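Structural description and commentary
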There are 2 protein chains.
Amino acid sequence: MNENLLGITAGVLTSISMIPQLIKVIRKKDVKDISLVMLLILISGLSLWVWYGIKKDELPIILSNSFAVLVNLSLLGCYILYKKS
Amino acid sequence: MNENLLGITAGVLTSISMIPQLIKVIRKKDVKDISLVMLLILISGLSLWVWYGIKKDELPIILSNSFAVLVNLSLLGCYILYKKS
């Protein structure tokens, strides 16, 4: 299989797997099952993967991890929003 | 920063972020918050990342995603084990 196609397929699969969690949190307006520390570790790690992708000039890594950062930043936003109430 | 060190740091961060979920499931013996379909999508995607890493000969990608596959296979094992009861 073409390397880029392989990387993009892998990136799409690992990225979409995080969306159900976000939908669940938005629907239930409940973040008690979410660990803030782990969310921060995950966002840091994903950001470093984006940096790694930029240095290695690999588009599949850049795109999939940027998308994952966005999903997890949304989760972090929900966490801050719903934790108050 | 050295590319390999950057990749390994990124890999360690994204990998360890999944462990608390596994610990939580093992402690609570409860998998009702886990989506089986998403677990299968994630394991497929992570396995493709390992394949991508092998083709590109990039150790940080191979190691971190292999570890993540193991953690999520353990989660899948817990799902099958605790879903019965």
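Residues numbered from 1 in each chain as written. Chains lettered and ligands numbered in written order. Predicted model: local features only at pLDDT ≥ 70, side-chain atom pairs only at ≥ 80, totals over all residues. Heavy atoms only, no water.

1. Examining the UniProt feature "transmembrane region" (unreviewed entry) in chain A
Residues and elements named next belong to chain A. Quick note on the threshold: UniProt positions are given in the numbering used here, feature names are shortened, and annotations may be inferred rather than shown by experiment. Numbering of helices and strands runs from the N terminus, with a helix taken as a DSSP run of H or I at least four residues long and a strand as a DSSP run of E at least two residues long.
The feature "transmembrane region" (unreviewed entry), as given by UniProt, occupies residues 6–23, 35–54 and 60–82 in the numbering adopted here. For the annotated span residues 6–23, helix accounts for 89% and strand for 0% of the residues, and the straight-line distance between the end C-alpha atoms is 27 Å. In the segment residues 35–54, helix accounts for 95% and strand for 0%; the C-alpha atoms at its two ends are 29 Å apart.

2. Some remarks on the packing of helix H1 (residues 3–16) of chain A against helix H3 (residues 36–56) of chain B
Keep this limit in mind: For helices, the fitted line uses only the C-alpha atoms of the stretch in contact; every axis is such a line through C-alpha atoms, and the angle between N-to-C directions lies from 0 to 180 degrees. What sets the label is the angle itself: under 35 degrees gives roughly parallel, over 145 gives roughly antiparallel, 65 to 115 gives roughly perpendicular, and the rest give oblique. Note: crossing handedness is left-handed where the near helix turns anticlockwise from the far helix by less than a right angle, and right-handed where it turns clockwise. Pairs of residues are marked as contacts when any of their non-hydrogen atoms sit within 4.5 Å. Three categories are distinguished: nonpolar for Ala, Val, Leu, Ile, Met, Phe, Trp, Tyr, Cys and Pro, charged for Asp, Glu, Lys and Arg, and polar for the others, with Gly belonging to the last.
Relative to each other, H1(A) and H3(B) sit at 150°, their axes nearing to 8 Å. As judged from the angle between their axes, H1(A) and H3(B) are roughly antiparallel. For the element pair H1(A) and H3(B), the recorded crossing hand is left-handed. Contacts between H1(A) and H3(B) pair Glu3(A), Leu6(A), Gly7(A), Thr9(A), Ala10(A), Gly11(A), Leu13(A), Thr14(A) and Ile16(A) from the former with Met38(B), Ile41(B), Leu42(B), Ser44(B), Gly45(B), Leu46(B), Leu48(B), Trp49(B), Trp51(B), Tyr52(B), Lys55(B) and Lys56(B) from the latter. Residues belonging to the contact of H1(A) with H3(B) are distributed by class as follows: 12 nonpolar, 6 polar and 3 charged.

3. What to know about unusual backbone geometry
Residue and element names in this part refer to chain A. Where we set the bar: Each residue is assigned to one of three classes by its accessible area relative to the maximum for its type, calculated with a 1.4 Å probe on protein chains only: buried under 20%, partly exposed between the two thresholds, exposed over 50%.
The backbone phi angle of Asp57 is positive, close to 55°, even though this residue is not glycine. Among the structural elements, Asp57 can be located in the loop between helix H3 (36–56) and helix H4 (59–84). A residue is classified by how much of its surface remains accessible, and Asp57, at 66% relative accessible area, is exposed.

4. Things to note about the interface of chain A and chain B
Quick note on the threshold: Buried area adds together the accessible area that both of two parts lose upon being put together, with accessible area traced by a 1.4 Å probe. We define a salt bridge as a contact between a side-chain nitrogen of Lys or Arg and a carboxyl oxygen of Asp or Glu at a distance within 4 Å. As used in this structure description, the phrase polar contact means that two N or O atoms lie within 3.5 Å; if the pair is within protein, one of them must be able to donate a hydrogen and the other to accept it, and residues adjacent in sequence are counted only when both atoms belong to side chains.
With 31 residues of chain A in contact, the opposing surface of chain B contributes 31 residues. Both faces considered, chain A and chain B share a buried interface measuring about 3000 Å² in area, 68% of it formed by carbon and sulfur atoms. In this structure, the connection of chain A to chain B is made through 2 salt bridges. Its salt-bridge partner being Glu3(A), residue Lys56(B) comes within 3.6 Å of it at the nearest N-O pair. Remark: the boundary between chain A and chain B carries 4 residue pairs in polar contact (both at pLDDT 80 or more). Contributing elements (two or more residues each) for the side of chain A that touches chain B: H1, helix H2 (19–28), H3 and H4 of chain A. Of all the elements, H3(A) adds the most residues to the side of chain A that touches chain B, at 12 residues.

5. Comments concerning the packing of aromatic side chains
All names here are of chain A. Selection rule: Two rings from Phe, Tyr or Trp (for Trp, the six-membered ring) form a pair when their centres sit within 6.5 Å of each other. Planes less than 30 degrees apart are called stacked, planes more than 60 degrees apart edge-to-face, and all others tilted.
Enumeration according to the criterion identifies 2 aromatic pairs over all chains in this entry. The interplanar angle of 85° and the centroid separation of 5.2 Å between the aromatic rings of Trp49 and Tyr52 together place this pair among those described as edge-to-face. Placement of both Trp49 and Tyr52 in helix H3 is noted, with a separation of 3 residues, approximately one turn of the helix. Classification of Trp49 as buried rests on a relative accessible area of 7%.

6. Some words on the packing of H2(A) against H4(A)
Residue and element names in this part refer to chain A. As a packed pair, H2 and H4 sit with axes 10 Å apart at the nearest point and diverge in direction by 20°. In terms of orientation, H2 and H4 fall into the roughly parallel class. Like other packed secondary-structure pairs, H2 and H4 cross with a definite hand, here left-handed. Across the interface between the two elements, Ile19, Gln21, Leu22, Val25 and Ile26 from H2 touch Phe67, Val71, Ser74, Leu75, Cys78 and Tyr82 from H4. Tallied by class, residues from the contact of H2 with H4 come to 9 nonpolar, 2 polar and no charged.

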